[in-house]
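One letter stands for each residue in the lines below.
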Amino acid sequence: MARTDSHIYDTFIVGAGISGLAAAIKLRETGYDNFRIIEKADRVGGTWRENTYPGCGCDVPSSLYSYSFAPSSKWSHLFAKQPEILNYLEEVSDHYGITPLIEFNNALDEAAWDEDRHLWRLDTTNGQYLARSVVFATGPITEPQTPPIPGLETFKGEMFHSATWNHDYDLTGKRVAVIGTGASAIQFVPQIQPKVKELHVFQRTPPWVLPKPDMPLDETSKQAIDRFPVIQRTWRKAVAGSLSVINFGLRNPVAMKPVSVAAKQLLRLQIRDPELRKAVTPNFLLGCKRILFANDYYPALQADNTSLIPSGLVEVDGNTVVGANGERREVDVIIWGTGFDVAHPPIGNKVVNENGERLADLWKNSSPEAYLGTSIENTPNAFLILGPNVLVYDSFIRLAEAQLDYIIDGLWKMKEKRVSKLKIKPSVLSKHNRKVQKNLQSTVFNSGGCSSYYLDQNGRNFAAWPWSLSALKRRLNVFRLKDYDVVYGEKAEVRPFKSAHQDNVAHAVH
């Protein structure tokens, strides 16, 4: 029988990925130490632990895809690959003393609000815990998505999703069908193309794929970055400025039109065959769907053993895969590059609010909403990281850090003001989301002419933030209790010292 932990934690962190680790580090920096962190796997890393497909890497430069308080001089490229990012996260966790605090191999089964005691009851695979508040740091990219294709059960070959890559299966000499041309596929397709006999890429909608400004960093460069921190800071600032320009274009579609024209001209240099070029040319504005970066994807598509099927997969007949355009291919392997279920935060399946309602049930036929991507209606003392309508074209790590400044300010105010229960006011939540949705209408995500994954089954943009990252940071700078319905009753506690993140203290990870 699983044990019950009778200790009441001030807060409980679910997940030890990029946001969960940052939450634990920042909490400890402020002297907030009565918390617990659980992780379903046996190591930290989140999506960078789970995704190990060939070529897996980040499309945000390493200088920005790293914690502001833990710059690293170890990156071997401007854009880091998955093994390096995972190693970085593990080093940071060890460096800040977080790893010993994590209870690994412990998954959340259910988190339910106890109204009588104003506590969260957390049932996990290792037992039950009680906490005054909870931080859900489980991330939006966790549930691989495989479409229900007719006849799939008749397929006799090997089949797996890019997020659950079967490294034990040798693709050498095999006939392979890749379903999807999203961010994962454009990374693994060039890696497997040289070894397979035939590669058939099913493309439902052509993405914008731009050249990746990547380059290796030799030992001399690493030593210079390590010795002169100003290089790291300047590099980070330059990348942030570049992404800020892209974000301006995403908010102002008219600015993306000439860029889209230039990108189409670039395709004429990258793709020799007119028919293939036509098939991979998007018919929507750059930025409407996620912008992809690669230097080897188009060469892989033009290889002799590769064929592009410019339509989605609609049927499987034994070992024959059939496209919507009628093209048929006999294959030995199907690899799903179909992404993740991001329309509804997966944590919703595990959370029961104060009304006894499971969030996933509430979201089933509607769009999830949150205040600043963090606070959910009728879900007291709970904070979500990287929740609905908070995404900016930037580093997930920078977004998580911005939200954590807000969350930790809120957690401390709960202590200082003797708050036993707080929940976002419905009027505040409604007003906020009406304004968000109104301003999203003019962005490239909503008006760029594509069916973006930012839009859910209701045609509502559940993901994007319609303003700049600076505007988001300003909104997240201070936790305003007046935005919440508040019940007082707990013993007051005072912050022992100003948080290190407010002091902007940076600690390098060497």
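The name that an unreviewed UniProt entry assigns to the chain is Cation diffusion facilitator CzcD-associated flavoprotein CzcO, with the source organism given as Tamilnaduibacter salinus.

Here we come to the nonpolar core. One finds Ile-13, Tyr-67, Val-176, Phe-188, Ile-192, Tyr-297 and Ile-335 to be the most contacted residues of the largest nonpolar core, which totals 126 residues. Per element, the largest residue contribution to this core is 11 residues, and it comes from helix α11 (residues 396-416). If we ignore the near neighbours within four places in the chain, the residues touching Tyr-297 are Thr-181, Ile-186, Val-189, Pro-190, Val-201 and Val-209.

Moving on, we get to the side chain of Thr-30. Looking at the element boundaries, Thr-30 is found in the loop between α1 (18-29) and β3 (35-38). Side-chain polar atoms of Thr-30 contact the side chain of Trp-412, separated by 2.9 Å.

Once that is clear, we can look at the confidence of the model for the chain. For the chain, mean pLDDT is 93; residues scoring 70 or higher make up 95% of the total. Contacts from residues 497-506, a stretch scored under 50 in pLDDT, to residues over four places away or in other chains number 15 contacts.

Before going further, it helps to spend a moment on the state of the cysteines. What the rule picks out here adds up to one disulfide. Shown here is the disulfide that connects Cys-288 with Cys-450, its sulfur atoms set 2.0 Å apart. Taking the sign of the S-S torsion, about -90 degrees here, the bridge from Cys-288 to Cys-450 comes out left-handed. With a gap of 162 residues between them, Cys-288 in the loop between α8 (274-280) and β13 (292-293) and Cys-450 in the loop between α13 (444-447) and α14 (469-475) connect regions that are remote in the sequence. You'll find Cys-288 and Cys-450 in the same group, each marked buried. For the unlinked cysteine Cys-56, the closest cysteine sulfur is that of Cys-58, found at 9.1 Å. The exposure class of Cys-58 is buried, given its relative accessible area of 4%.

Our next topic: the pattern of salt bridges. Using the criterion set out here, one finds 26 salt bridges in the structure. The shortest N-O distance in the salt bridge between Asp-317 and Arg-328 comes to 3.3 Å. Of this pair, Asp-317 sits in strand β15 (residues 313-317) while Arg-328 sits in strand β17 (residues 328-330), and the two are 11 residues apart along the sequence. By relative accessible area, which is 45% here, Arg-328 ends up partly exposed. One network of salt bridges, in which partners are shared, links Glu-110, Arg-121, Asp-123 and Arg-358.

When two helices pack together, you describe them by how their axes are tilted relative to each other and by the distance separating the axes. Running from N to C, helix α6 (residues 229-251) and helix α7 (residues 253-270) cross one another at 110 degrees; their axes reach a closest spacing of 5 Å. In terms of their interaxial angle, α6 and α7 are classed as roughly perpendicular. Contacts between α6 and α7 involve Phe-248, Gly-249, Leu-250 and Arg-251 on the former and, on the latter, Pro-253, Ala-255 and Met-256. Of the residues contributing to the contact of α6 with α7, the split by class is five nonpolar, one polar and one charged.

Basis of the calculations
Residues numbered from 1 in each chain as written. Predicted model: local features only at pLDDT ≥ 70, side-chain atom pairs only at ≥ 80, totals over all residues. Heavy atoms only, no water. Core = buried A, V, L, I, M, F, W, Y, C linked by side-chain atoms within 4.5 Å. Buried < 20%, exposed > 50% of the residue type's maximum accessible area, 1.4 Å probe, protein only. Helix = DSSP H or I, 4+ residues; strand = E, 2+ residues; numbered from the N terminus. Contact = heavy atoms within 4.5 Å. Polar contact = N/O pair within 3.5 Å; in protein donor to acceptor, adjacent residues only side chain to side chain. pLDDT = per-residue confidence, 0-100. Disulfide = S-S within 2.5 Å. Salt bridge = Lys/Arg side-chain N within 4 Å of Asp/Glu carboxyl O. Axes fitted to C-alpha atoms, helices over the stretch in contact; angles between N-to-C directions. Parallel < 35°, antiparallel > 145°, perpendicular 65-115°, else oblique. Nonpolar A, V, L, I, M, F, W, Y, C, P; charged D, E, K, R; others polar.

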